[in-house]
Amino acid sequence: MAASDNGTILVVEDDAAVRNLVATALDVHGYRHREVASATAALLELTSARDLSLVILDLGLPDRDGVEVIRTLRGWSLMPVIVLSARQEDADKVAALDAGADDYLTKPFSVDELLARVRVALRRLAYEPGALSQQQPATYSNGPLAIDYDAGVATLAGKELHLTPIEYKLLALLAKNTGKVLTHNFILKEVWGSALASDLPSLRVFMATLRKKIEPAADSPRFIQTHVGIGYRMLQVDASES
Ligand code: CA
């Protein structure tokens, strides 16, 4: 994909050194971008600019918390947001992901890792042209894994998977958010309708049984990635794999 097809990336970061690091990395790889240093400037860009495709967002901004920027943006857009957090606490990342962030990096982060996350987020957008308008496609395909949402059927290498209703809901939720880290709370709310911490063990059990059915090698999962203390993410496998 030509860099010019990717739209413009908005970098929101008040630390000039980090902002320049990110801007330089994006420049070198041909991504168009603009930089702002506050939540207010970020929201102004997000509400007025029409060329933006992705936000790289620092959580610790001088005027408002980055989490508020995500919450506000999610009022009208599913534009991918990659969070940069200097804070080590999982709680901050979880709050950002719960508010609707797609992914996170903890500072100090490697530029290669940031670029990899940018590619994943932009690919998600390319696979889901409706992502910005909340439309969902009727079918899903990810390497050998396929889902027909209308029929409520999932297949692996063309063979129907025998999933329980909860396993199917879990798989469909992860699939619809491929590339995005989903928090335990978010998954519990979507699948069970509540987000009680006491439900977490059930989530782990259903995730284990689902994985047994879709991951041939349990110790090297290729579809569902675990984020310890945070949640899970469906990975996009190599398109040539089937
Ligand atoms: Ca900061």
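Small disclaimer: the values here were computed from a predicted structure and weren't measured.

Where do I start with the sheet that holds strand β5 (residues 103–106) in this structure?
Pairing between sheet strands relies on hydrogen bonds along the backbone, with the strands arranged either parallel or antiparallel. With respect to topology, 5 strands assemble into an open sheet ordered β2-β1-β3-β4-β5, the strand pairing being parallel. Two strands close off the open sheet at either side, each with one partner strand: β2 (32–36) and β5. Taken over all neighbouring pairs, the strand axes of this sheet differ in orientation by 20 degrees on average, direction set aside. Examined bridge by bridge, strand β1 (residues 8–12) and strand β3 (residues 52–58) share 5 bridges and lie parallel to one another. Paired with Val 12 across the bridge in β3 is Leu 57. Along the sheet, helix α1 (residues 16–28) contacts β1, β2, β3 and β4 (81–85); its crossing angle with β2, the most-contacted strand, is approximately 170 degrees.

Sorry if this is basic, but what is going on with the packing of aromatic side chains here?
In this structure the tally under the stated criterion is 1 aromatic pair. Geometrically, the ring pair formed by Trp 192 and Phe 206 is tilted, given 5.7 Å between the ring centres and 55 degrees between the ring planes. With Trp 192 in helix α7 (residues 184–192) and Phe 206 in helix α8 (residues 200–214), the pair connects residues that are 14 residues apart, well separated along the chain. Judged by its relative accessible area of 27%, Trp 192 falls in the partly exposed class. Above the plane of the ring of Tyr 149 lies Lys 176, whose end atom (NZ or CZ) is 4.5 Å from the centre.

What exactly am I supposed to notice about the coordination of the calcium ion here?
Geometry reference: four tetrahedral donors at a metal, ideal angle 109.5 degrees. Six octahedral donors, ideal angles 90 or 180 degrees. Looking at the calcium ion, the protein donor atoms are Asp 14 (OD), Asp 58 (OD) and Gly 60 (O), and they sit 2.2 to 2.4 Å from it. For Gly 60, a relative accessible area of 33% gives the class partly exposed.

I would appreciate a short explanation of helix α3 (residues 66–73) in the present structure.
Within an α-helix, residues lying three or four positions from one another point in the same direction, as the helix has 3.6 residues per turn. Here α3 has its buried residues at Gly 66, Val 67, Val 69, Ile 70 and Leu 73. The arc that holds every buried residue of α3, seen down its axis, measures 155 degrees, which confines them to one face. By the N-cap criterion, in which a side-chain oxygen at the helix start approaches the backbone nitrogen of a residue two or three places on, α3 is capped by Asp 65, the distance to Val 67 being 2.9 Å.

I'm lost on the sheet that holds strand β8 (residues 153–156) in this one. Help?
In spatial order, the strands read β6-β7-β8-β9; together these 4 strands make up an open sheet with antiparallel pairing. At either end of the open sheet lies a strand with only one pairing partner, and these are β6 (139–142) and β9 (159–160). With respect to the sheet, helix α6 (residues 165–176) is in contact with β6, β7 (145–148) and β8, its orientation differing from that of β7 by roughly 105 degrees.

Before we go on, may I ask you to explain the packing of α7 against α8 in this structure?
Describing two packed helices takes the angle between their axes plus the distance from one axis to the other. Running from N to C, α7 and α8 cross one another at 80 degrees; their axes reach a closest spacing of 11 Å. Put simply, α7 runs roughly perpendicular to α8. Of the residues in α8, those in contact with His 184, Ile 187, Leu 188 and Trp 192 of α7 are Leu 200, Ser 202, Leu 203, Arg 204 and Phe 206. Broken down by class, the residue content of the contact of α7 with α8 amounts to 6 nonpolar, 2 polar and 1 charged.

Quick question: what am I supposed to make of the nonpolar core here?
Inside soluble globular proteins, nonpolar side chains tend to come together where they are buried. Counting 29 residues, the largest nonpolar core has Leu 145 and Leu 171 as its most contacted members. For this core, the secondary-structure elements that each account for two or more residues are β7, β8, α6, α7, α8 and β12 (231–234). Considering each element in turn, this core owes the most residues, 7 residues, to α6. Discounting chain neighbours no more than four positions away, the residues touching Leu 145 are Tyr 140, Thr 155, Leu 156, Leu 161, Leu 171, Ile 214, Phe 223 and Met 234. Counting 28 residues, the second-largest nonpolar core is a separate cluster that includes Leu 43, Leu 46, Ala 96 and Tyr 104.

Would you mind going over unusual backbone geometry with me for this structure?
A negative phi angle is the norm for most residues apart from glycine, just as the trans form is the norm for most peptide bonds. Backbone torsion omega between Lys 107 and Pro 108 reads -5 degrees, so that peptide bond is classified as cis. Its place among the elements puts Pro 108 in the loop between β5 and α5 (111–127). Backbone geometry places Ala 157, a non-glycine residue, at a positive phi of 50 degrees. As for its position among the elements, Ala 157 is in the loop between β8 and β9.

Parameters at a glance
Sequence positions are assigned chain by chain, starting from 1 and proceeding in written order. Where local features are concerned, this predicted model is filtered to residues with pLDDT of at least 70; where side-chain atom pairs are given and counted, the filter is 80 or more; whole-chain, interface and lining totals use all residues. Side-chain metrics rest on all non-hydrogen atoms present in the structure, leaving aside hydrogens and water. For two strands to pair, DSSP has to find at least two bridges joining them. Under the DSSP-based scheme used, a helix requires at least four consecutive residues in state H or I and a strand at least two consecutive residues in state E, with every element numbered from the N terminus. With axes taken as lines fitted to C-alpha atoms, and helix axes fitted only over the stretch in contact, angles between N-to-C directions fall between 0 and 180 degrees. Between two residues, a contact is recorded if the distance between any of their heavy atoms is within 4.5 Å. Only Phe, Tyr and Trp rings are paired, with Trp represented by its six-membered ring, and only when their centres lie within 6.5 Å; those with planes under 30 degrees apart are stacked, over 60 edge-to-face, the remainder tilted. Buried, partly exposed and exposed residues are distinguished by accessible area as a fraction of the type maximum, computed with a 1.4 Å probe on protein chains only: under 20%, between the cut-offs, and over 50%, respectively. Note on geometry: a ring has a charge over it if NZ (lysine) or CZ (arginine) is within 6 Å of the ring centre and within 35 degrees of the ring normal. Only N, O and S atoms count as donors, using a 2.8 Å cut-off from the metal and 3.2 Å for Na, K and Ca, and because water is excluded some sites may appear unfinished. Note that the arc is defined by the directions from the helix axis to the C-beta atoms. Polar contacts here mean pairs of N or O atoms no more than 3.5 Å apart (in protein, one a potential hydrogen donor and the other a potential acceptor; neighbouring residues in sequence count only if both atoms are side-chain atoms). Angular relationships are summarised with four words: roughly parallel below 35 degrees, roughly antiparallel beyond 145, roughly perpendicular across 65 to 115, and oblique for the angles in between. Gly is put with the polar residues, along with every residue not named as nonpolar or charged; the nonpolar set is Ala, Val, Leu, Ile, Met, Phe, Trp, Tyr, Cys and Pro, and the charged set is Asp, Glu, Lys and Arg. Throughout, nonpolar core names a set of buried Ala, Val, Leu, Ile, Met, Phe, Trp, Tyr and Cys residues whose side chains join them through atoms within 4.5 Å.

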